[in-house]
Amino acid sequence: MFFNSKNEPETNGVDLNMCVHAAKSDSEVDVDNVDVLSRFSLPLCSRDVKVRETALAAIEHRLDQWLPNCSSLQNGTSIANGAGDHWQQVTLHVPTLLRLSVSCPFRDVRIKCSQILHTISERGFSVPFNTTGQGASSFIPTQETHVLLIDAFLQNNRLDHVTQVMGYHPKYLDVFLRTQNFILRGDGPLPYDYRHYIAIMAAGRHQCSYLIQLQKQEFIMQGGDKTWLKGLAYTPQKLRNLYEINKILAHRPWLLNKSHIQKLTKGSNNWSLSEVVHAIVLLVHFHCLCSFVCGCGVREELDHTPTSERTQEYATQQDTGEPEAGVGVDTLMQRMKTLSEQTEEFSAEERAKR
């Protein structure tokens, strides 16, 4: 699949020397930036054992620098400058180390991360070693389709739960990984940050917090504007223009017609036809993936931060209030039928067939 054809260590496009330097740097870490956590483990995404060993050594070295100050903070003794920050930094990185110790397809990384976690635990930090029942799906136990899972880890900087669940169907997983890699990272008219934000919009339409969290991290890694993550209202008008087509494709795709495409390709902030095609492919891909996530009972990643944010904000242009309480399925179906009968966007013949 996604093999490196060059005869050189694969580092997933990352300058290893730069990462090691960053790991050993004394500069403060912005704990609110998920980019820190992503780049923390990014050098481990390599087939080259020596590259992974160097990255693990850099991670261990940095934690060894933080832990003594944290111990002084625990004991209530004289605290060196930045001890509180070091405590926060160690706490911030524990979930990522825990995830790598459980789900990384490279045995050396799993073992080393487990050793680091035990060291952290011995220094008084709370480490949730018991991850029983925290597999990729609540319906099936965790297994590995090893070659594909390694490819997925190298591609995504994590072995996510969706990939682990699909691993029970290797042929399907192979096609899925190729497809998703192409539409998100392959050649195409849309900028990479746009691609991931469109994925967030699609997931937001179905309030799928799992995919939103994954794509938010990817969006930031691609240099996306963090202001956009406050909601669709904070995005450029060009992206907001996708609101209607996103809604239609998510809930009543049979109503999509050429007028919706024409509306996007004309006027100010218009889309090119190739951009529209790319955007539609992204929307329908992630709409379908939302169904897979919900239908397979895919759990949140171990290092996902629990969130109470209203995921619908990525899919709506304004606050529409909380969902109505006490509305049953029959009532909703009747409302949808009424709305369909009132619209003139399909023929009487089609209506009769319904």
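Residues numbered from 1 in each chain as written. Predicted model: local features only at pLDDT ≥ 70, side-chain atom pairs only at ≥ 80, totals over all residues. Heavy atoms only, no water.

This part is about the overall build of the protein chain. A tally of regular secondary structure across the protein chain gives 16 helices and zero strands. For the protein chain, the proportion of its 354 residues judged to be buried stands at 45%. Long-range contacts, defined as pairs at least 24 residues apart, comprise 71% of the intrachain contacts of the protein chain with a sequence gap of at least 6. (Helix = DSSP H or I, 4+ residues; strand = E, 2+ residues; numbered from the N terminus. Buried < 20%, exposed > 50% of the residue type's maximum accessible area, 1.4 Å probe, protein only. Contact = heavy atoms within 4.5 Å.)

It helps to recall that an α-helix has 3.6 residues per turn; residues three or four apart then point in one direction. The end-to-end C-alpha separation of helix H9 (residues 192-205) is 20 Å, in line with the 20 Å expected for 14 residues at 1.5 Å each. Of all 14 residues in H9, 13 are buried; the element is thus mostly enclosed. Looking one or two places after H9, you find glutamine 207, whose phi comes out positive at around 55°. (Expected span 1.5 Å × (residues − 1).)

On to the nonpolar core, then. Counting residues in each nonpolar core, the largest one holds 75 residues, and the members touching the most others are Ile120 and Trp271. Not counting residues within four places of it along the chain, the set of residues in contact with isoleucine 120 comprises Leu63, Leu67, Val90, Val94, Leu97, Phe125 and Val127. (Core = buried A, V, L, I, M, F, W, Y, C linked by side-chain atoms within 4.5 Å.)

This paragraph deals with the state of the cysteines. What the rule picks out here adds up to zero disulfides. In this model cysteine 113 remains outside any disulfide bridge; the closest cysteine sulfur is found in cysteine 104, 7.1 Å from its own. No disulfide involves cysteine 288; its sulfur sits 9.0 Å from that of cysteine 290, the nearest cysteine. Since its relative accessible area comes to 56%, cysteine 288 is described here as exposed. (Disulfide = S-S within 2.5 Å.)

Glancing now at the confidence of the model for the protein chain. Of the residues in the protein chain, 66% have a pLDDT of 70 or more, and the chain-wide mean is 76. Considering only residues more than four positions removed or in separate chains, one finds that residues 1-16, a stretch of pLDDT under 50, has 35 contacts. With pLDDT under 50 throughout, residues 318-327 is counted as low confidence; its partners more than four residues away or in other chains account for seven contacts. (pLDDT = per-residue confidence, 0-100.)

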